[in-house]
Amino acid sequence: MFNFDSIRNMEGLLAKKTAMLAACTEEKVVLLGGSSVLYGFNTDAIQQSLSKPTFNAGVNVGLGFRYLLDNIEPHLKPGDQVLLPLEFNQYMNPLYYVFGFGIDTFVHCEYWKNRRKYRQKWKLLLISLKHARTSATPEKLAKRKAATLTETGCYLGLDTQLRDPTTLKAIPIPETFQETDTMKEIAAFMTRCQENEISVTLLPPVFYAKELHTAYLEKLYAYFGESICPELFRLDATEVYDSVYHANQAGQTRVTQRLIQLLEQPQIRKELNAI
(Lines give C-alpha, C1' and ligand atoms only; values in the text may rest on other atoms or scores of the structure.)
Protein backbone atom coordinates (compact mmCIF):
# COMPACT_ATOMS: atom_id res chain seq x y z
CA MET A 1 0.00 0.00 0.00
CA PHE A 2 1.35 3.40 -0.99
CA ASN A 3 0.17 6.39 1.01
CA PHE A 4 1.37 9.80 -0.14
CA ASP A 5 -0.39 11.70 2.66
CA SER A 6 2.95 12.44 4.35
CA ILE A 7 4.29 14.07 1.17
CA ARG A 8 0.98 15.89 0.66
CA ASN A 9 1.25 17.09 4.26
CA MET A 10 4.70 18.57 3.53
CA GLU A 11 3.32 20.33 0.47
CA GLY A 12 0.41 21.65 2.54
CA LEU A 13 2.72 22.89 5.28
CA LEU A 14 4.91 24.68 2.76
CA ALA A 15 1.88 26.26 1.10
CA LYS A 16 0.50 27.48 4.44
CA LYS A 17 3.84 28.96 5.47
CA THR A 18 4.33 30.63 2.11
CA ALA A 19 0.87 32.18 2.46
CA MET A 20 1.69 33.42 6.00
CA LEU A 21 4.76 35.24 4.76
CA ALA A 22 3.02 36.62 1.67
CA ALA A 23 0.23 38.08 3.82
CA CYS A 24 2.56 39.89 6.23
CA THR A 25 3.15 43.54 5.29
CA GLU A 26 5.29 44.36 8.35
CA GLU A 27 8.95 43.68 9.01
CA LYS A 28 9.16 40.13 10.29
CA VAL A 29 11.37 37.44 11.77
CA VAL A 30 11.52 34.20 9.75
CA LEU A 31 13.00 30.92 11.02
CA LEU A 32 13.98 28.91 7.97
CA GLY A 33 14.94 25.25 7.86
CA GLY A 34 13.59 21.73 8.11
CA SER A 35 11.56 19.88 10.70
CA SER A 36 14.08 20.77 13.40
CA VAL A 37 12.68 24.31 13.06
CA LEU A 38 9.08 23.09 12.81
CA TYR A 39 9.28 21.07 16.03
CA GLY A 40 12.03 22.94 17.83
CA PHE A 41 11.00 26.60 18.06
CA ASN A 42 7.78 28.02 19.51
CA THR A 43 7.37 31.04 17.24
CA ASP A 44 4.20 32.04 19.09
CA ALA A 45 6.34 32.63 22.20
CA ILE A 46 9.08 34.37 20.20
CA GLN A 47 6.55 36.70 18.57
CA GLN A 48 5.07 37.58 21.94
CA SER A 49 8.49 38.31 23.46
CA LEU A 50 9.75 40.39 20.52
CA SER A 51 6.41 42.12 19.78
CA LYS A 52 7.17 41.52 16.12
CA PRO A 53 5.60 39.16 13.53
CA THR A 54 7.54 35.90 13.70
CA PHE A 55 7.09 32.90 11.43
CA ASN A 56 8.26 29.31 11.55
CA ALA A 57 9.06 28.32 7.95
CA GLY A 58 10.40 24.89 8.84
CA VAL A 59 9.07 21.92 6.86
CA ASN A 60 11.51 19.05 6.19
CA VAL A 61 15.23 18.88 5.52
CA GLY A 62 14.49 16.37 2.74
CA LEU A 63 12.96 19.05 0.49
CA GLY A 64 16.38 20.47 -0.31
CA PHE A 65 17.45 24.02 0.53
CA ARG A 66 16.85 25.45 -2.95
CA TYR A 67 13.38 23.91 -3.09
CA LEU A 68 12.55 25.68 0.16
CA LEU A 69 13.99 28.99 -1.08
CA ASP A 70 12.02 28.83 -4.32
CA ASN A 71 8.87 29.12 -2.22
CA ILE A 72 10.01 31.33 0.66
CA GLU A 73 12.57 33.82 -0.69
CA PRO A 74 10.13 35.81 -2.89
CA HIS A 75 8.28 36.82 0.30
CA LEU A 76 11.30 38.21 2.16
CA LYS A 77 11.52 42.01 2.21
CA PRO A 78 13.97 44.71 3.33
CA GLY A 79 13.98 44.95 7.12
CA ASP A 80 13.18 41.27 7.65
CA GLN A 81 15.33 39.13 9.93
CA VAL A 82 16.05 35.56 8.80
CA LEU A 83 17.32 32.93 11.22
CA LEU A 84 18.91 29.80 9.73
CA PRO A 85 19.08 26.98 12.30
CA LEU A 86 19.77 24.50 9.51
CA GLU A 87 20.05 20.78 10.15
CA PHE A 88 23.57 19.45 9.74
CA ASN A 89 22.32 17.19 6.90
CA GLN A 90 21.06 20.22 4.97
CA TYR A 91 24.58 21.34 4.13
CA MET A 92 25.35 17.97 2.50
CA ASN A 93 21.98 17.25 0.84
CA PRO A 94 21.39 18.14 -2.82
CA LEU A 95 19.76 21.51 -3.56
CA TYR A 96 16.58 19.72 -4.67
CA TYR A 97 16.08 16.51 -2.73
CA VAL A 98 13.80 13.55 -2.18
CA PHE A 99 10.67 15.18 -0.74
CA GLY A 100 10.82 18.04 -3.22
CA PHE A 101 10.96 15.30 -5.86
CA GLY A 102 8.00 13.58 -4.19
CA ILE A 103 5.91 16.75 -4.17
CA ASP A 104 6.70 17.58 -7.80
CA THR A 105 6.07 13.98 -8.91
CA PHE A 106 3.16 12.71 -6.82
CA VAL A 107 1.37 15.87 -5.65
CA HIS A 108 1.86 18.49 -8.37
CA CYS A 109 2.27 15.81 -11.06
CA GLU A 110 4.78 18.08 -12.78
CA TYR A 111 7.86 15.88 -12.69
CA TRP A 112 8.67 16.39 -16.40
CA LYS A 113 8.55 20.15 -15.95
CA ASN A 114 10.99 19.98 -13.02
CA ARG A 115 13.08 16.91 -13.86
CA ARG A 116 16.27 18.88 -14.60
CA LYS A 117 16.46 19.91 -10.94
CA TYR A 118 17.03 16.39 -9.71
CA ARG A 119 20.03 14.10 -9.79
CA GLN A 120 19.87 10.29 -9.39
CA LYS A 121 16.16 10.33 -10.26
CA TRP A 122 15.64 6.58 -9.99
CA LYS A 123 17.15 6.58 -6.51
CA LEU A 124 14.85 9.43 -5.46
CA LEU A 125 11.86 7.58 -6.92
CA LEU A 126 12.66 4.43 -4.94
CA ILE A 127 13.17 6.38 -1.72
CA SER A 128 9.88 8.23 -2.27
CA LEU A 129 7.99 4.98 -2.83
CA LYS A 130 9.60 3.40 0.25
CA HIS A 131 8.56 6.44 2.29
CA ALA A 132 5.02 6.17 0.90
CA ARG A 133 4.81 2.59 2.16
CA THR A 134 6.28 3.15 5.62
CA SER A 135 4.41 6.41 6.27
CA ALA A 136 1.09 4.55 6.02
CA THR A 137 1.53 2.75 9.37
CA PRO A 138 -1.12 3.51 12.03
CA GLU A 139 1.59 4.96 14.31
CA LYS A 140 2.77 7.48 11.72
CA LEU A 141 -0.75 8.41 10.66
CA ALA A 142 -1.60 9.09 14.32
CA LYS A 143 1.55 11.19 14.81
CA ARG A 144 0.59 13.52 11.96
CA LYS A 145 -2.72 14.18 13.69
CA ALA A 146 -1.21 14.74 17.14
CA ALA A 147 0.54 18.07 16.51
CA THR A 148 -1.23 21.42 16.46
CA LEU A 149 0.02 23.86 13.82
CA THR A 150 -0.21 27.43 15.12
CA GLU A 151 -0.84 30.64 13.22
CA THR A 152 2.92 31.37 13.24
CA GLY A 153 3.73 27.96 11.74
CA CYS A 154 5.15 25.90 14.63
CA TYR A 155 4.01 22.60 16.13
CA LEU A 156 2.70 22.68 19.70
CA GLY A 157 1.25 20.11 22.09
CA LEU A 158 3.78 17.31 21.66
CA ASP A 159 4.34 16.72 25.38
CA THR A 160 5.16 13.02 25.07
CA GLN A 161 8.18 10.98 24.01
CA LEU A 162 7.45 8.46 21.26
CA ARG A 163 10.92 7.09 20.60
CA ASP A 164 13.68 5.92 22.88
CA PRO A 165 16.60 8.22 21.92
CA THR A 166 19.05 5.32 22.23
CA THR A 167 17.34 3.58 19.28
CA LEU A 168 17.70 6.52 16.89
CA LYS A 169 20.31 6.50 14.13
CA ALA A 170 23.18 8.91 14.60
CA ILE A 171 23.28 12.05 12.47
CA PRO A 172 25.55 11.28 9.49
CA ILE A 173 28.42 13.77 9.45
CA PRO A 174 31.37 13.36 7.03
CA GLU A 175 34.82 12.72 8.38
CA THR A 176 36.42 15.41 6.21
CA PHE A 177 35.13 18.80 5.17
CA GLN A 178 34.29 19.40 1.51
CA GLU A 179 32.40 22.27 -0.08
CA THR A 180 28.99 21.30 -1.53
CA ASP A 181 26.59 22.95 -3.95
CA THR A 182 24.19 23.55 -1.07
CA MET A 183 26.85 25.37 0.94
CA LYS A 184 27.46 27.60 -2.08
CA GLU A 185 23.70 28.25 -2.35
CA ILE A 186 23.38 29.11 1.35
CA ALA A 187 26.30 31.53 1.06
CA ALA A 188 24.76 33.10 -2.06
CA PHE A 189 21.40 33.45 -0.30
CA MET A 190 23.07 35.21 2.63
CA THR A 191 24.78 37.60 0.20
CA ARG A 192 21.50 38.35 -1.61
CA CYS A 193 19.82 39.07 1.71
CA GLN A 194 22.58 41.44 2.75
CA GLU A 195 22.26 43.30 -0.57
CA ASN A 196 18.50 43.61 -0.02
CA GLU A 197 18.83 44.82 3.59
CA ILE A 198 17.58 41.54 5.05
CA SER A 199 19.58 40.38 8.04
CA VAL A 200 20.58 36.72 8.28
CA THR A 201 21.86 34.84 11.31
CA LEU A 202 23.28 31.35 10.86
CA LEU A 203 22.54 29.11 13.85
CA PRO A 204 22.92 25.43 14.77
CA PRO A 205 19.83 23.21 14.68
CA VAL A 206 17.78 21.76 17.49
CA PHE A 207 19.00 18.15 17.65
CA TYR A 208 19.84 15.16 19.80
CA ALA A 209 23.04 13.14 19.54
CA LYS A 210 24.99 10.90 21.87
CA GLU A 211 28.21 11.84 20.09
CA LEU A 212 29.04 14.72 17.75
CA HIS A 213 31.81 15.24 15.19
CA THR A 214 32.57 18.81 16.26
CA ALA A 215 35.79 19.17 14.23
CA TYR A 216 33.82 18.93 10.98
CA LEU A 217 31.15 21.33 12.21
CA GLU A 218 33.73 23.91 13.25
CA LYS A 219 35.10 23.85 9.69
CA LEU A 220 31.57 24.02 8.31
CA TYR A 221 30.67 27.19 10.19
CA ALA A 222 34.11 28.69 9.52
CA TYR A 223 33.30 28.31 5.79
CA PHE A 224 30.57 30.93 6.35
CA GLY A 225 32.84 33.11 8.47
CA GLU A 226 30.98 32.18 11.65
CA SER A 227 32.10 30.93 15.04
CA ILE A 228 29.12 28.95 16.30
CA CYS A 229 28.85 26.39 19.05
CA PRO A 230 27.00 23.50 17.35
CA GLU A 231 25.63 22.38 20.72
CA LEU A 232 23.75 25.63 21.43
CA PHE A 233 20.34 23.95 20.96
CA ARG A 234 21.35 20.35 21.70
CA LEU A 235 18.57 18.32 23.33
CA ASP A 236 19.01 15.94 26.21
CA ALA A 237 17.53 12.44 26.11
CA THR A 238 14.29 13.47 27.86
CA GLU A 239 13.57 16.23 25.32
CA VAL A 240 13.31 14.08 22.18
CA TYR A 241 9.92 13.49 20.55
CA ASP A 242 10.41 10.91 17.80
CA SER A 243 13.53 11.88 15.84
CA VAL A 244 17.02 13.29 16.36
CA TYR A 245 15.68 16.59 14.96
CA HIS A 246 12.29 16.65 16.71
CA ALA A 247 11.95 18.19 20.17
CA ASN A 248 9.05 17.44 22.46
CA GLN A 249 7.34 20.25 24.35
CA ALA A 250 9.93 20.34 27.14
CA GLY A 251 12.82 20.59 24.70
CA GLN A 252 11.02 23.14 22.56
CA THR A 253 10.31 25.35 25.57
CA ARG A 254 13.92 25.32 26.73
CA VAL A 255 15.60 26.00 23.38
CA THR A 256 12.99 28.63 22.49
CA GLN A 257 13.83 30.54 25.65
CA ARG A 258 17.51 30.32 24.79
CA LEU A 259 16.82 31.74 21.33
CA ILE A 260 14.68 34.54 22.78
CA GLN A 261 17.52 35.41 25.12
CA LEU A 262 19.88 35.54 22.14
CA LEU A 263 17.54 37.74 20.10
CA GLU A 264 16.79 40.15 22.93
CA GLN A 265 20.43 40.48 23.96
CA PRO A 266 22.62 39.96 20.86
CA GLN A 267 25.70 41.00 22.82
CA ILE A 268 25.57 37.75 24.82
CA ARG A 269 25.94 35.55 21.75
CA LYS A 270 29.53 34.70 22.63
CA GLU A 271 28.50 33.68 26.13
CA LEU A 272 25.63 31.54 24.82
CA ASN A 273 27.92 29.90 22.27
CA ALA A 274 30.25 28.94 25.07
CA ILE A 275 27.51 27.01 26.92
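Residues numbered from 1 in each chain as written. Predicted model: local features only at pLDDT ≥ 70, side-chain atom pairs only at ≥ 80, totals over all residues. Heavy atoms only, no water.

## With respect to the layout of surface pockets
Step number 1: Put simply, the second largest pocket is a space of about 300 Å³.
Step number 2: If you trace the second largest pocket, you find 15 residues lining it, with Asn 93, Pro 94, Leu 95, Tyr 96 and Arg 119 closest to the centre.
Step number 3: Of all the secondary structure elements, the ones that give two or more residues to the lining of the second largest pocket are α7 (121-134) and α9 (181-195). (1 Å grid on protein atoms, 1.4 Å probe; cavity = no way out; pocket = protein on both sides within 12 Å on 5 of 7 lines; lining within 4 Å. Points joined across faces, edges and corners; volume = space filled by probe spheres on them. Helix = DSSP H or I, 4+ residues; strand = E, 2+ residues; numbered from the N terminus.)

## A word on the nonpolar core
Step number 1: Counting residues in each nonpolar core, the largest one holds 81 residues, and the members touching the most others are Leu 32, Phe 41, Leu 84, Phe 88, Tyr 91, Phe 189 and Leu 259.
Step number 2: No other element matches helix α1 (residues 5-23), which puts six residues into this core.
Step number 3: Among all residues touching Tyr 91, those that are not within four sequence positions of it are Leu 86, Thr 180, Thr 182, Met 183, Ile 186, Leu 202, Leu 220, Tyr 221 and Phe 224. (Core = buried A, V, L, I, M, F, W, Y, C linked by side-chain atoms within 4.5 Å. Buried < 20%, exposed > 50% of the residue type's maximum accessible area, 1.4 Å probe, protein only. Contact = heavy atoms within 4.5 Å.)

## Section: empty space enclosed by the protein
Step number 1: Counted according to the given criterion, the structure contains one cavity of 30 Å³ or more.
Step number 2: In this model, the largest cavity occupies a volume close to 30 Å³.
Step number 3: Looking at the lining of the largest cavity, the elements that each hand over two or more residues are β5 (155-156) and α11 (249-264).
Step number 4: Looking at the lining of the largest cavity, its residues break down into five nonpolar, four polar and no charged. (Nonpolar A, V, L, I, M, F, W, Y, C, P; charged D, E, K, R; others polar.)

## Thoughts on unusual backbone geometry
Step number 1: Not every positive phi belongs to a glycine, and Ser 51 is a case in point at roughly 55°.
Step number 2: Summarising the element assignment, Ser 51 is placed in the loop between α3 (43-50) and β2 (54-58).
Step number 3: For Ser 51, a relative accessible area of 67% puts it in the exposed group.
Step number 4: Non-glycine residue Glu 197 carries a positive phi angle of around 60°.
Step number 5: Within the secondary structure layout, Glu 197 lies in the loop between α9 and β6 (199-203).

## Quick word on the packing of aromatic side chains
Step number 1: Using the criterion set out here, one finds 16 aromatic pairs in the structure.
Step number 2: A centroid spacing of 6.0 Å and a plane angle of 75° characterise the contact between Tyr 96 and Tyr 118, whose relative ring orientation is edge-to-face. One end of the pair, Tyr 96, is in the loop between β3 (81-85) and α5 (98-107); the other, Tyr 118, is in the loop between α6 (111-114) and α7, with 22 residues separating them in the sequence.
Step number 3: Three or more aromatic residues joined by ring pairs make a cluster, and in this case those are Tyr 67, Tyr 96, Phe 101, Tyr 111, Trp 112 and Tyr 118. (Phe/Tyr/Trp six-rings, centres within 6.5 Å; stacked < 30°, edge-to-face > 60°.)

## Details of the packing of α5 against α7
Step number 1: Running from amino to carboxyl end, α5 crosses α7 at an angle of 80°, the nearest separation of the two axes being 9 Å. When the interaxial angle is binned, α5 and α7 end up roughly perpendicular. Between α5 and α7, the residues in contact are Val 98, Phe 99, Phe 101, Gly 102 and Phe 106 and Lys 121, Leu 124, Leu 125, Ile 127, Ser 128, Leu 129 and His 131, respectively.
Step number 2: Residue composition of the contact of α5 with α7, grouped by class: eight nonpolar, three polar and one charged. (Axes fitted to C-alpha atoms, helices over the stretch in contact; angles between N-to-C directions. Parallel < 35°, antiparallel > 145°, perpendicular 65-115°, else oblique.)

## Remarks on helix α10 (residues 214-223)
Step number 1: Every buried residue belonging to α10 is among Tyr 216, Leu 217, Leu 220 and Tyr 221, and all of these are buried. Within α10, the buried residues cover an arc of 130° as seen down the axis, which keeps them to one side. Projecting away from the buried face of α10 at angles above 90 degrees are the exposed residues Glu 218 and Lys 219.
Step number 2: Looking at the packing, one finds that the buried side of α10 touches α9 and β6.
Step number 3: Looking at the residues trailing α10, positive phi occurs at Gly 225, about 70°. (Arc of directions from axis to C-beta.)

Function cannot be inferred from these measures alone, as they are strictly geometric.
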